[in-house]
Amino acid sequence: MASLQFWKPGTAGPGSNLDRATETEENIVPSAPTSSSLSLQAARERLPIFKHRQKLLYAVENHGVVILVGQTGSGKTTQLPQYLYEAGWAAEGNRIACTQPRRVAATSVANRVAAEVGTILGDEVGYTIRFEDVSDKERTRILYMTDGMLFRETLVDPLLSKYSVIMIDEAHERSIYTDLLLGVLKKIRRKRPSLRLVVSSATLDATAFLEYFTAGNSPDEATIVSLEGRAYPVEIAYLQEPVPDYVQKAAEVVWGIHMQQTPGDILVFLSGRDEIERCLELLAELLPTLPRNAKRLVLLALHAGLTTEEQLRVFEPAEKGSRKVIVSTNIAEASVTIEGIKFVVDSGFVKIRTYNPTNAMSSLTTTPISQASATQRAGRAGRTAPGVCYRLYTQRAYEALQPTTPPEITRTDLTTPILQLKSLGIDDLMKFEWVSSPPAESVLRALEGLVHAGMIGEDGRLTVVGEKVAECPVEVNIARMLFASKDYKCGEEILTIAAMTAIQDVFVIPEGAAGALAELERRKFTAEEGDHLTLLNGTVPSHQPFYTSLTTQCLAYNAFTRYGRSSSWCKAHALSFRAMSRAVSIRSQLKKYMQRFGLPLDSCEGDAKRLRKCLVTGYWRNVARWMADGTYRAVLHVHPHSVLFTRKPRSGWVIFHEMEETKKTQIRILTEIEPDWLLEHGHKYYDKHSGASVASQ
DNA sequence: GAGCACTGC
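This is a predicted model, so every value here is computed, not measured.

Scanning chain A from N- to C-terminus turns up 24 helices and 21 strands. Buried residues in chain A amount to 53% of all 697 residues. For chain A, the proportion of contacts with a sequence separation of at least 24, taken over those separated by at least 6, is 72%.

Below you can see the structure in the form of structure tokens.
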């Protein structure tokens, strides 16, 4: 490969008059010097945000909402809460909160700030995430938390009265909880004007947030403060012509960089596991052609399906005389930061989940990224030194991209969010001030489902059960089963099933020969009745597994707890230790809710029929009928992970946990049922003769 | 007979 066949804007090639200067100016700032060379205070003062300190405090003092524009590394997340603390905003028992979309961010930032403040974590500075509250009710002044946790707190403290200032960090990511929080906070500000908000955002979204908060309020309500930082420039290169196969092109570009360029690791963005593996294979084929004196090239994959150990390998520095190339999904765009990357290769694609409210179907499709996403990916090349980003698309294609990714709230099932808003007393959803309105059909679909599930009455208000379910951190259909377990006397088992369906990727199936072995391990766990019981099998308190054969996921749970919750046991049985440990946490959390709601923890004592009937109370809308061609009515395909993948259910009928469209329309986690059981639930919605369910119409 | 991007409570 003689040349990379790229042109670089501003140097040569067509259209070199690059007017998007921002693209080359990722405002990435070197990390602060360590306290060994400088005092802590001096290090803090060197951060770019420091010279804006007075301006920021003035803005918070005089405006209800401050939109803070500043890139990663400006120090906003660690410093602003401290400035506010030092300025007295946490006096008289008040707290300063800072929300993050991800758990790791909340914990790691809290750690750093506790060290800077000179306190033990959990004392003056703490964090709160699901299953972990490292904070002190009385003493904590600065609290980092996930946005989901703060939203949940509004259910018990609707005015968030403990907080004087709330900073919503990474608001431009527009996670569903960020959007819900912003809507609720705007409302709270009207009732409690002393509360101050700081909304931290990327440049592109700042005016939209400003308009949102000033709409219906005085123009003084909100203001924008921008922190410009020192930047390591990232040079952008585009393809001159589009390519038919970006995976192959990615491999070629990586190889070209390796042969020609100066030192520095390479990060490649592709859409999924399949593409990553193909790209790595292509590169592996080229390795033998490396000249003897050339640097070695270390090939690494990064995606969420890997074990923790495998993920950690990408952080190990490359050995002397070698270069790392990390081929990754979108996980490396915001969730995972790898230092030392100098070259980014961006395919321009991402897999995104969307929801179609008319058939309640979600799908996972490979789609072009947004310009904001492209900027973020490019920025990953310039965290510690100037870098280069190779975009595997033309500049014209870049210009045609959407400016930002549609917020999650516009492409997701709203059943749970709407139940929670209702629980906050927001009954008129049309009057709720959404930052971005969700599609009307999504709202209607969710309301309809909630009415039929008995969570909302004819008057549009929550029922008694609805109030309880709103508090419970599970999907509505699962909550319904938890409540029904009282009648079917199977609370113990339903609780496990609820926990196990809440986690993904219980089984780790590697590529190649190891994958085939893992597959055999998985079959040891199969329960004839289907996946839900398979999920359960392992934990059955009785002497023998009562479900005819062992199962995949369930065996998983019961056996996992029986064999001492060990990671080596998981490894031997192709299970994810991470996922299983999480299931244990979720189960104990849900158990507390069941106790609070007075739901007994009976065991069904091996009566699988009772258990399956209980499952129908939650899943009656998710019904499918087996057809002779091996598909289910409405042409649903069984996910290959299901134990019913190769087996016809005797009754011909199943219920399923979820349905998703990838290459085919697939249903996951199934259990065989008798069709008559359906008649007790929502018979209005189900036509016995056609076998069509609401979900598949 | 074949496969799921990433979060969060």
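Now for the packing of aromatic side chains. If you walk through the whole model with that rule in mind, you get 9 aromatic pairs. Residues Y593 and F597 carry aromatic rings whose centres are separated by 6.2 Å and whose planes lie at 45° to one another, so their mutual orientation is tilted. With respect to burial, Y593 and F597 carry one shared label: buried.

Nonpolar side chains tend to gather and get buried jointly when the protein is soluble and globular. Formed by 101 residues in total, the largest nonpolar core has its most connected members in Y163, I166, L185, F213 and L421. Those residues in contact with L185, other than ones at most four positions away along the chain, are L160, I166, I168, L195 and L197. Listed in part, the 30 residues of the second largest apolar core include L56, A114, I142 and V198.

What follows is about the pairing of strand β2 (residues 65-69). Taken across its 5 residues, β2 has 5 buried, putting it largely inside the fold. Bridge analysis of β2 against strand β9 (residues 222-226) gives 5 bridges, and the strand direction is parallel. Within the sheet, the bridge partner assigned to I67 lies in β9 and is I224.

Moving on, we come to the protein's contact with DNA strand B. Around DNA strand B lies a shell of 33 residues, among which R103, T146, A304, H641 and R668 are the nearest. When the atoms of DNA strand B within 4 Å of the protein are grouped by moiety, sugar and phosphate amount to 55% of the total. In this structure, a phosphate oxygen belonging to DNA strand B sits 2.8 Å away from a main-chain N or O atom of R130. Contact distances for DNA strand B include 3.3 Å between a sugar or linking oxygen and a side-chain N or O atom of R152. Every element with two or more residues in the surface near DNA strand B is listed here: α5 (147-156), β15 (349-356), β20 (653-661) and β21 (665-673). The residue inventory of the surface near DNA strand B, partitioned by class, reads 11 nonpolar, 10 polar and 12 charged.

Right, let's get into the side chain of H63. Looking at where H63 falls in the secondary structure, it is placed in the loop between α2 (53-62) and β2. A relative accessible area of 17% places H63 in the buried class. Engagement of the side chain of H63 in a polar contact is seen with the backbone oxygen of D220, the distance being 2.6 Å. In this view, H63 contacts R196, D220, E221, A222 and T223; residues no more than four positions away in its chain are not counted.

Once the charged atoms of two side chains with opposite charge are near each other, the side chains can pair. As enumerated under the stated definition, the model contains 24 salt bridges in all. E433 is paired through a salt bridge with K186; the nearest N and O atoms lie 2.6 Å apart. Of this pair, E433 sits in the loop between α14 (415-423) and α15 (440-452) while K186 sits in helix α6 (residues 176-191), and the two are 247 residues apart along the sequence. Classification of E433 as partly exposed rests on a relative accessible area of 28%. Its salt-bridge partner being E433, residue R190 comes within 2.7 Å of it at the nearest N-O pair.

Bringing the environment of T154 into the picture now. Its place among the elements puts T154 in helix α5. Judged by relative accessible area, which is 0%, T154 ranks as buried. In the structure, T154 is positioned 266 residues away from Q420 in sequence and 9.7 Å away in space, judged by C-alpha atoms. Apart from residues no more than four positions distant in its own chain, T154 is found in contact with L160, V184 and L424.

Even without being a glycine, F131 presents a positive backbone phi close to 75°. In this fold, F131 is placed in the loop between β4 (125-129) and β5 (132-134). Phi at R174 takes a positive value of approximately 55°, unusual for a residue other than glycine. For R174, the position within the fold is in the loop between β7 (163-168) and α6. You can call R174 buried: its relative accessible area is 12%.

Detailed reading of predicted coordinates is not advised where the pLDDT is low. Scored by pLDDT, chain A has a mean of 82; 83% of the residues are at 70 or more. Counting interchain partners and residues more than four positions distant, the pLDDT-below-50 stretch residues 7-37 has 66 contacts. When the criterion is pLDDT under 50, residues 683-697 qualifies, and its contacts beyond four places in sequence or with other chains add up to 27 contacts.

With that settled, the discussion passes to the packing of α5 against α14. The N-to-C vectors of α5 and α14 enclose an angle of 35°; their axes lie 9 Å apart at closest approach. Of the residues in α14, those in contact with F151, R152 and L155 of α5 are Q420, L421 and S423. Residues that form the contact of α5 with α14 fall into these classes: 3 nonpolar, 2 polar and 1 charged.

Counted residue by residue, strand β6 (residues 142-146) has 5 buried out of 5 residues, so it is predominantly covered. Because side chains alternate across β6, one face comprises the buried residues I142, Y144 and T146, and the other comprises L143 and M145, equally buried. Pairing between strand β3 (residues 95-100) and β6: 5 bridges, direction parallel. Bridged to T99 within β6 is M145. Relative to β6, β4 runs parallel, the two being bridged by 4 bridges. What sits directly across from V125, in β6, is I142.

Attention shifts here to the sheet that holds β4. Ordered in space as β5-β4-β6-β3-β7-β8-β2-β9, the 8 strands form an open sheet in which the pairing is mixed. Every other strand in the sheet has two partners, leaving β5 and β9 as the edge strands with one partner each. When strand polarity is set aside, the average angle formed by the axes of neighbouring strands in this sheet is 20°. Here β7 pairs with strand β8 (residues 196-201) via 4 bridges, running parallel. Bridge pairing links V165 to R196 in β8. Running over the sheet, helix α4 (residues 103-117) touches β3, β4, β5 and β6 and is turned about 170° from β4.

Cut-off values and rules
Residues numbered from 1 in each chain as written. Chains lettered and ligands numbered in written order. Predicted model: local features only at pLDDT ≥ 70, side-chain atom pairs only at ≥ 80, totals over all residues. Heavy atoms only, no water. Helix = DSSP H or I, 4+ residues; strand = E, 2+ residues; numbered from the N terminus. Buried < 20%, exposed > 50% of the residue type's maximum accessible area, 1.4 Å probe, protein only. Contact = heavy atoms within 4.5 Å. Phe/Tyr/Trp six-rings, centres within 6.5 Å; stacked < 30°, edge-to-face > 60°. Core = buried A, V, L, I, M, F, W, Y, C linked by side-chain atoms within 4.5 Å. Pairing = 2+ DSSP bridges. Near = heavy atom within 4 Å. Polar contact = N/O pair within 3.5 Å; in protein donor to acceptor, adjacent residues only side chain to side chain. Nonpolar A, V, L, I, M, F, W, Y, C, P; charged D, E, K, R; others polar. Salt bridge = Lys/Arg side-chain N within 4 Å of Asp/Glu carboxyl O. pLDDT = per-residue confidence, 0-100. Axes fitted to C-alpha atoms, helices over the stretch in contact; angles between N-to-C directions.

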